[in-house]
Amino acid sequence: MKKIHIVLFGTGNVGSSLIQQILTAGEHLKEQEGLELKIPVIANSTTAFFQKHNQKPSWETDFKVFGFPYQLQDVLDYVREQEYENLVAVDATASEEFVDNYLTLVKEGFHIVAANKVANTRSSAFYEELRKTLRKNNKFFLYETNVGAGLPVIETLRNFHRSHEEVTRIRGVFSGSLSYIFNTFCEEERAFSEVLSEASEKGFTEPDPRVDLSGKDVGRKLLILGRELGLKKELHEVVIQDLVPRHLNGSSSLENFQKKKKDLDLDFLQLKNQLKQDEVIRHVGELDMKTGKLEVKLSREKKTSALGSLQHADSSFEIFTKSYGEQPVVIKGAGAGAAVTARGVLTDLIKLAEKLPS
Ligand SMILES: NC(=O)c1ccc[n+]([C@@H]2O[C@H](COP(=O)([O-])OP(=O)(O)OC[C@H]3O[C@@H](n4cnc5c(N)ncnc54)[C@H](OP(=O)(O)O)[C@@H]3O)[C@@H](O)[C@H]2O)c1
Ligand SMILES: N[C@@H](CCO)C(=O)O
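Each chain has its residues counted from 1, following the order in which its sequence is written. Whichever chain is written first becomes A and whichever ligand is written first becomes 1, with later ones labelled in order. Only residues with pLDDT of 70 or above have their local features reported here, since the model is predicted, and side-chain atom pairs are shown and tallied only from 80 upward, although totals for entire chains, interfaces and linings are computed over all residues. The basis for every side-chain value is the complete set of heavy atoms in the structure, and neither hydrogens nor water enter the calculation.

Chemist: What is the right way to read the site of ligand 1 from this model?
Modeler: A cutoff of 4 Å decides nearness: a residue is near a molecule or strand if any of its heavy atoms lies inside that distance of it. Around ligand 1 sit 23 residues in total, of which Ser45, Thr93, Lys117, Glu206 and Gly337 are the nearest. As used in this structure description, the phrase polar contact means that two N or O atoms lie within 3.5 Å; if the pair is within protein, one of them must be able to donate a hydrogen and the other to accept it, and residues adjacent in sequence are counted only when both atoms belong to side chains. Within the backbone of Asn13, a nitrogen or oxygen atom sits 2.9 Å from an oxygen atom of ligand 1. Between ligand 1 and Gly337 there is a distance of 2.6 Å, counted from an oxygen atom to a backbone nitrogen or oxygen.

As structure tokens, then:
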């Protein structure tokens, strides 16, 4: 039986669903994959919990009762002392700062599986250094859920790139939360801020929903896909339509934004009122490999079009390549949500295990 030891950072929507899915899939993984996934350490931003035995369904209570304030070094010391084999750090945070730990984690013997998009969208220098450090230490970094949650977008693109298939363009609705927000807002007579709150409650938005509304989250996804295809770009080069009013942007607090988010309602209502009867608003990302342009913007689409007819929190990625010609390869489905994202992380863990010795 192959054993993987997971140190989980982040116990929010994605992290907690992942624990539940690993617990539920435990016997199946042992029987079908010959794989045992253990989670000896669970941590959020302030508290860590060292599980002396395997994880239990009661992990949340244990986390509250036995969790303690920690530094990363405490975790590193603990896992070294336990001599765990096949260590994996799962980054289910949205933290910019946590990514500062990646190089240390790799040097300390961890593979990394990340839902967090930050590492892949920092400077090219960091992007390269991380990959160099991974190679030098024979470690793997998997991050399928960085784009399209559980949808196999990165894997598909990587397969095209590896087989020398020329990807010319990718267009689509890259954001699950903004898909839900505009699908609902255009369909129903409700205030924009109300729909935004609902998307957050359903776990579709980033912890700070302005990361979605500002277009930064989709900008990141475009950059991640572009870099997979060999494009040398930085996040600041993505052309982004920012939907956050200036007085509520990153220089004001999240609390202030939550208090005043009704300020968004009038502008979006006016936008909706300008639509023709057969039109809807969609939040669209475009990556043009020929010009190297990456763009995030709102677009008026026909209700009957592929993007106009999207439902729920569905994303849709239209991938144009040389061999497929005018007809794109389309990957479509839930683009956000704890369950689908956690399933994508779990799939990455299984793929990682296949690469490791027994
Ligand atoms: N939700 C989705 O549909 C979806 C889809 C694809 C990818 N993702 C990505 O998945 C990640 C998590 O999303 P989420 O919805 O689960 O967010 P969330 O519910 O806000 O959870 C974030 C978790 O990260 C923890 N955290 C923050 N900083 C940390 C640090 N420095 N060290 C350890 N833990 C830290 C938080 O702990 P505290 O409570 O202590 O702050 C919290 O437990 C994000 O990067 C997001 O982009 C999400
Ligand atoms: N906030 C992101 C989560 C998935 O990355 C979205 O709405 O698409």
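Still to come is the rest of the account.
Chemist: Can you walk me through the packing of helix H1 (residues 13–33) against helix H13 (residues 338–355) in this structure?
Modeler: Two packed helices can be described by the angle between their axes and the distance between those axes. The angle between two axes is taken between their N-to-C directions and runs from 0 to 180 degrees, where each axis is a line fitted to C-alpha atoms and a helix contributes only its stretch in contact. The helix and strand labels rest on DSSP assignments: H or I over at least four residues marks a helix, E over at least two residues marks a strand, and numbering proceeds from the N terminus. Here H1 crosses H13 at 45°, and the two axes come no closer than 9 Å. Classified by the angle between their axes, H1 and H13 sit oblique to one another. The crossing of H1 and H13 is right-handed. In contact with Asn13, Val14, Ser17, Leu18, Gln21, Ile22, Leu29 and Glu33 of H1, H13 contributes Ala338, Ala339, Thr341, Ala342, Arg343, Val345, Leu346, Leu349, Ile350 and Glu354. For the contact of H1 with H13, a count of residues per class yields 11 nonpolar, four polar and three charged. Here the angle decides the label: under 35 degrees means roughly parallel, over 145 means roughly antiparallel, 65 to 115 means roughly perpendicular, and every other value means oblique. Crossing handedness is read from the near helix: turned anticlockwise from the far helix by less than a right angle, it gives a left-handed crossing, and turned clockwise, a right-handed one. The contact definition used throughout considers only heavy atoms, calling two residues in contact when any of these lie within 4.5 Å. Each residue gets one label: Ala, Val, Leu, Ile, Met, Phe, Trp, Tyr, Cys and Pro are nonpolar, Asp, Glu, Lys and Arg are charged, and the others, such as Gly, are polar.

Chemist: Even after reading the chapter, I still don't get the site of ligand 2, so can you show me in this structure?
Modeler: Looking at ligand 2, the residues that line it are Lys117, Ser175, Gly176, Ser177, Phe204, Thr205, Glu206, Asp212, Asp217, Lys221 and Gly335. One nitrogen or oxygen atom from the side chain of Lys117 is found 2.9 Å from an oxygen atom belonging to ligand 2. Taking Asp212, its side chain carries an N or O atom lying 2.8 Å from a nitrogen atom of ligand 2. Protein burial of ligand 2: of its 250 Å² of free accessible surface, 92% is covered by the chains. Residues belonging to the shell around ligand 2 are distributed by class as follows: one nonpolar, five polar and five charged. For the accessible areas, the method is Shrake-Rupley and the probe is 1.4 Å, while residue cover comes only from the protein chains on display.

Chemist: I would appreciate a short explanation of the sheet that holds strand S8 (residues 167–173) in the present structure.
Modeler: Where strands meet in a sheet, backbone hydrogen bonds hold them as pairs that are either parallel or antiparallel. Reading across from one edge, S9-S11-S10-S8-S12-S13 is the order of the six strands in this open sheet, with mixed pairing throughout. Strand pairing shows two members of the sheet lacking a second neighbour, strand S9 (239–240) and strand S13 (329–334), which therefore form its edges. Pairing between strands requires that DSSP locate at least two bridges from one strand to the other. In terms of strand pairing, S8 meets strand S10 (residues 279–288) through four bridges, oriented antiparallel. Residue pairing across strands places Ile170 opposite Leu287, the latter belonging to S10.

Chemist: Which parts of the structure should I look at to understand the packing of helix H7 (residues 176–187) against helix H12 (residues 265–273)?
Modeler: Where H7 contacts H12, the axes come no closer than 11 Å and their chain directions differ by 65°. Viewed along their axes, H7 and H12 form a crossing whose handedness is right-handed. Facing H7, whose interface residues are Phe182, Phe185 and Cys186, H12 presents Phe268, Leu269 and Lys272. Here the contact of H7 with H12 is composed, by residue class, of five nonpolar, no polar and one charged.

Chemist: Looking at this structure, I do not really get the pattern of salt bridges. What am I missing?
Modeler: Pairing is possible between side chains that carry opposite charge, provided their charged atoms lie close to one another. Any carboxyl oxygen of Asp or Glu that lies within 4 Å of a side-chain nitrogen of Lys or Arg is treated as forming a salt bridge with it. Evaluated as defined, the whole model comprises 23 salt bridges. Across the pair Lys221 and Asp217 runs a salt bridge whose closest N-O atoms are separated by 3.0 Å. Of this pair, Lys221 and Asp217 both sit in helix H10 (residues 216–228), four residues apart, which is roughly one turn of that helix. When the shortest N-O distance is used, the salt bridge between Lys293 and Glu295 registers 3.6 Å. In this structure Lys293 comes out as partly exposed when scored by relative accessible area, which is 41%. Throughout, exposure labels follow a simple rule: accessible area from a 1.4 Å probe, protein chains only, divided by the maximum for the residue type, with under 20% read as buried, over 50% as exposed, and the rest as partly exposed. Judged by its relative accessible area of 19%, Glu295 is buried. Each of Lys117, Glu206, Asp217 and Lys221 takes part in one network of salt bridges that share partners.

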